[in-house]
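Observations on the three-dimensional arrangement
Residues per chain, in single letters:
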Amino acid sequence: MDEGPYARAGGRLPGDPVPDPGLGDPVPDPGLGDSPAVPARSRWPSWGRAFVRLLPVLLIAVAVAYDCLTPRYFTAGPLYTAAPLVAAPLYSRRGTLLTGVAVVAAVISLQFTYGVAHYADSITELVTIATVAGLAVFVNSFVRRTDERLASAREIAEAAQRAVLPEPAERIGGFEIAACYEAAQADAFIGGDLYAVQDSPRGIRIIVGDVRGKGMGAVAAVAVVIGAFREAAEQEATLEAVAQRLERALAREGTRREGLDAFEGFTTAVLAELPHGDGTVRIVNRGHPPPLLLYADGTLRALAARETALPLGMGELGVWPDRADEAAFPGGATLLFYTDGVTEARDARGVFYDPEERLAGRSFRHPADLLDALAEDVRRHSGGGMADDMALLAVRRP
């Protein structure tokens, strides 16, 4: 199974070209190839990256032209010194060294051409430029080492993600499945959002949740929840019993925490069960955004819980029996689970993203197409500045 840093299964990775999700109006199914492709998201446009890469060369060219076109007492020294410093974080060590050599060679050539190489100010300028060029090579070496450490950290993060939040298979028990995780912070691969799919004797069981907090404490809680869920999904006879097992697991985890998390640690979660050979879905919702059911004709329905319940880990505040809600899950329909990173995404005017409004009237051939369109639309709505991590999971009954 192909596992990547975004925990993406059954389709394209976030950032790949995806169909245009539009602005909420009904459009043709992106999976059918009727919508124009949206270019891959990038921090810089291609022309901007090309300009930055050429900037050291342009600085040298402008400096030489300035020296040639102005009297002797006008100097382009600042441009010469800027060129190797700009090259340091952009080029390789060899490229930075060649930039410095080119700058020094250009200055020496011009000084001898105009017969000013023996002047004190010319010698001072040359020594200054050569010193800055040497410092640029040193800076480049430091940047390269930093990049290597970041690359190693990314590899560790990817390994941790695969261990804590593995991808679900593209097909489980006859259902088509896709999942997506996008962190709000750049280069962060995993946080407090979670999902898992487990085949059991009583059907496919699913959990999607969001652990309170950030950092390694949240990651540890994610590991506890997923581990407890996989064990309970195999052993417990009912979905309600699975929820109670998770409640007890988080209570035990809370005794090992310190500070605020020891008292306010909780996990919002939605549990779902898809019985084998039965066109229904059973859901237990513990304080999580309700899943959405997208029918083949574009109709959308939010599967909200009939009775509200506190998140997992807050059982000491009240005791009540979990009650699963049941709904029809016909062939061709897709069940979408998401975390509050979707609904908390805001545009420039402060308007929150509404997945029901944006997805109503649309249909998708595969769960991967749905997640690609939704993730891209959330990024477009928020301008790429999401406030919270976003985990998505979609299940389609063929």
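Residues numbered from 1 in each chain as written. Predicted model: local features only at pLDDT ≥ 70, side-chain atom pairs only at ≥ 80, totals over all residues. Heavy atoms only, no water.

**A few points about the overall build of the protein chain**
Our working rule: Numbering goes from the N terminus for both helices and strands, where a helix is a DSSP run of H or I of at least four residues and a strand is a run of E of at least two. Note that accessible areas follow from Shrake-Rupley with a 1.4 Å probe, and for residues the cover is restricted to the protein chains shown.
Per the secondary structure count, the protein chain includes 10 helices and 13 strands. Entry remark: accessible area of the protein chain is about 19100 Å², with carbon and sulfur atoms responsible for 60%.

**Observations concerning the sheet that holds strand β7 (residues 267–274)**
To keep it simple, the criterion reads: Any two strands with at least two DSSP-identified bridges between them are counted as paired. Fitted lines through C-alpha atoms give the axes, limited to the stretch in contact for helices. The angle between two N-to-C directions lies from 0 to 180 degrees.
Read from one edge to the other, the open sheet built from five strands follows the order β5-β6-β7-β8-β11, with strand pairing classed as antiparallel. At either margin of the open sheet sits one strand with a lone partner, and together these are β5 (193–200) and β11 (325–328). Taken over all neighbouring pairs, the strand axes of this sheet differ in orientation by 20 degrees on average, direction set aside. Pairing of strand β8 (residues 280–286) with β11, which is carried by four bridges, proceeds in the antiparallel orientation. Its bridge partner lying in β11, Val-281 is registered against Ala-327.

**A word on the sheet that holds strand β10 (residues 300–302)**
What the six strands build is an open sheet, ordered β3-β4-β13-β12-β9-β10; its pairing is antiparallel. Of all the strands in the sheet, just β3 (171–172) and β10 have a single pairing partner and so form its edges. Relative to β10, strand β9 (residues 292–294) runs antiparallel, the two sharing three bridges. Pairing of Leu-292 across the sheet is with Ala-302, part of β10.

**Side note on the pattern of salt bridges**
Our working rule: For this document, the term salt bridge refers to a Lys or Arg side-chain nitrogen within 4 Å of an Asp or Glu carboxyl oxygen.
Inspection of every chain in the model, using the stated rule, returns 17 salt bridges. Of the charged contacts in the structure, one is a salt bridge between Glu-307 and Arg-323, with a shortest N-O distance of 3.3 Å. Within this pair, whereas Glu-307 is found in the loop between β10 and β11, its partner Arg-323 is found in the loop between β10 and β11, the two being separated by 16 residues in sequence.

**Considerations on helix α2 (residues 77–90)**
What counts is decided by this rule: Residue exposure (1.4 Å probe, protein chains only): buried if accessible area is under 20% of the type maximum, exposed if over 50%, otherwise partly exposed. This arc describes the spread of directions from the helix axis toward the C-beta atoms.
Burial in α2 covers these residues: Gly-77, Tyr-80, Thr-81, Ala-83, Pro-84, Ala-87 and Ala-88. The buried residues of α2 occupy an angular sector of 145 degrees when the element is viewed end-on, so they sit on one face.

**Looking at the side chain of Thr-96**
Our working rule: The contact criterion used is simple: two residues touch if any of their non-hydrogen atoms lie within 4.5 Å.
Mapped onto the elements, Thr-96 comes out in helix α3 (residues 93–113). Every residue in contact with Thr-96, bar those within four places of it in the chain, is listed here: Pro-84, Ala-87, Ala-88, Tyr-91, Ala-136, Val-137 and Asn-140.

**Regarding the environment of Leu-359**
Checked against the element boundaries, Leu-359 lands in helix α9 (residues 355–359). Once the C-alpha coordinates of Leu-359 and Leu-294 are considered, the two residues, 65 residues apart in sequence, prove to be 8.4 Å apart. Leaving out residues up to four positions away in the same chain, Leu-359 has contacts with Leu-292, Leu-294, Leu-300, Leu-336, Phe-364, Leu-370 and Leu-374.

**Let's talk about the nonpolar core**
Applicable threshold: By nonpolar core is meant a set of buried Ala, Val, Leu, Ile, Met, Phe, Trp, Tyr and Cys residues that side-chain atoms within 4.5 Å join together.
In terms of nonpolar packing, the biggest core is built from 53 residues, with Ile-206, Ile-207, Leu-271, Val-281 and Leu-393 touching the most fellow members. The dominant element in this core, judged by the number of residues it contributes, is helix α5 (residues 215–235), at 10 residues.

**Looking at the pairing of strand β13 (residues 390–396)**
Counting buried positions over the seven residues of β13 gives seven, a clear majority of the element. Burial of β13 is two-sided: the residues Met-390, Leu-392, Ala-394 and Arg-396 facing one way and the residues Ala-391, Leu-393 and Val-395 facing the other way are all buried. In terms of strand pairing, strand β4 (residues 175–182) meets β13 through seven bridges, oriented antiparallel. Residue Glu-182 lies in a different strand from β13, and its bridge partner there is Met-390. In this sheet, β13 lies alongside strand β12 (residues 334–338) in antiparallel orientation, the contact comprising five bridges.

**Topic: the confidence of the model for the protein chain**
A low pLDDT score tells you not to read the predicted coordinates there in detail. Keep this limit in mind: Predictor confidence is given residue by residue as pLDDT, running from a minimum of 0 to a maximum of 100.
Considering every residue of the protein chain, the mean pLDDT works out to 81; 78% of them sit at 70 or more. In this model residues 1–43 is a low-confidence stretch, pLDDT under 50, and it forms 109 contacts with partners more than four residues away in sequence or in other chains.

**Digging into the pairing of β8**
Remember that side chains alternate between the two faces of the sheet whenever the strand is regular. Taking burial as the measure, the seven residues of β8 include seven buried ones, the bulk of the element. Going residue by residue along β8, you find Thr-280, Arg-282, Val-284 and Arg-286 tucked away on one face and Val-281, Ile-283 and Asn-285 tucked away on the opposite face as well. Connecting β7 to the antiparallel partner β8 that follows it, the hairpin turn spans five residues, and Gly-277 within it adopts a positive phi of roughly 70 degrees.

**Quick notes on helix α10 (residues 367–382)**
Which entries qualify depends on this criterion: Take the number of residues in a helix, subtract one, and multiply by 1.5 Å to get its expected span.
In this model α10 runs 23 Å from its N-terminal to its C-terminal C-alpha over 16 residues, within 8% of the 22 Å that 1.5 Å per residue would give. Summarising burial for α10: 15 of the 16 residues are buried, a large majority. After α10 finishes, the residue Gly-383 shows a positive phi value of roughly 70 degrees.

**As for the packing of aromatic side chains**
Keep this limit in mind: Two rings from Phe, Tyr or Trp (for Trp, the six-membered ring) form a pair when their centres sit within 6.5 Å of each other. Planes less than 30 degrees apart are called stacked, planes more than 60 degrees apart edge-to-face, and all others tilted.
Across all of its chains, the model carries one aromatic pair by this definition. Centroid distance Phe-175 to Phe-329: 6.3 Å. Interplanar angle 10 degrees. Geometry classified as stacked. Here Phe-329 lies in the loop between β11 and β12 and Phe-175 lies in strand β4, a separation of 154 residues in the sequence. One exposure class covers both Phe-175 and Phe-329, and it is buried.

**Observations regarding the environment of Gly-174**
Within the secondary structure, Gly-174 sits in the loop between β3 and β4. The class of Gly-174 is partly exposed, set by a relative accessible area of 40%. Separated by 224 residues in sequence, Gly-174 and Pro-398 place their C-alpha atoms 7.7 Å apart.

**With respect to the packing of α2 against α3**
Formally: By the definition adopted for this analysis, an angle is roughly parallel if under 35 degrees, roughly antiparallel if over 145, roughly perpendicular if from 65 to 115, and oblique otherwise.
At a minimum axis separation of 8 Å, α2 and α3 run at an interaxial angle of 170 degrees. Comparing the axis directions of α2 and α3 gives the class roughly antiparallel. On the side of α2, the interface is formed by Tyr-80, Ala-83, Pro-84, Ala-87 and Ala-88, while α3 contributes Thr-96, Thr-99, Gly-100, Val-103, Ala-106, Val-107 and Leu-110.

**Here's the deal with a nonpolar patch on the surface**
Convention followed: For patch building, the residue pool is restricted to those with more than 30% relative accessible area and no salt bridge; the joining distance is 9 Å between like charges and 5 Å between nonpolar side chains (Val, Leu, Ile, Met, Phe, Trp, Tyr).
Taken together, the side chains of Trp-47, Phe-51, Leu-54, Val-57 and Leu-58 define a hydrophobic patch exposed on the protein surface, amounting to about 550 Å² of accessible area. Here Leu-54 is to be found in helix α1 (residues 46–69).

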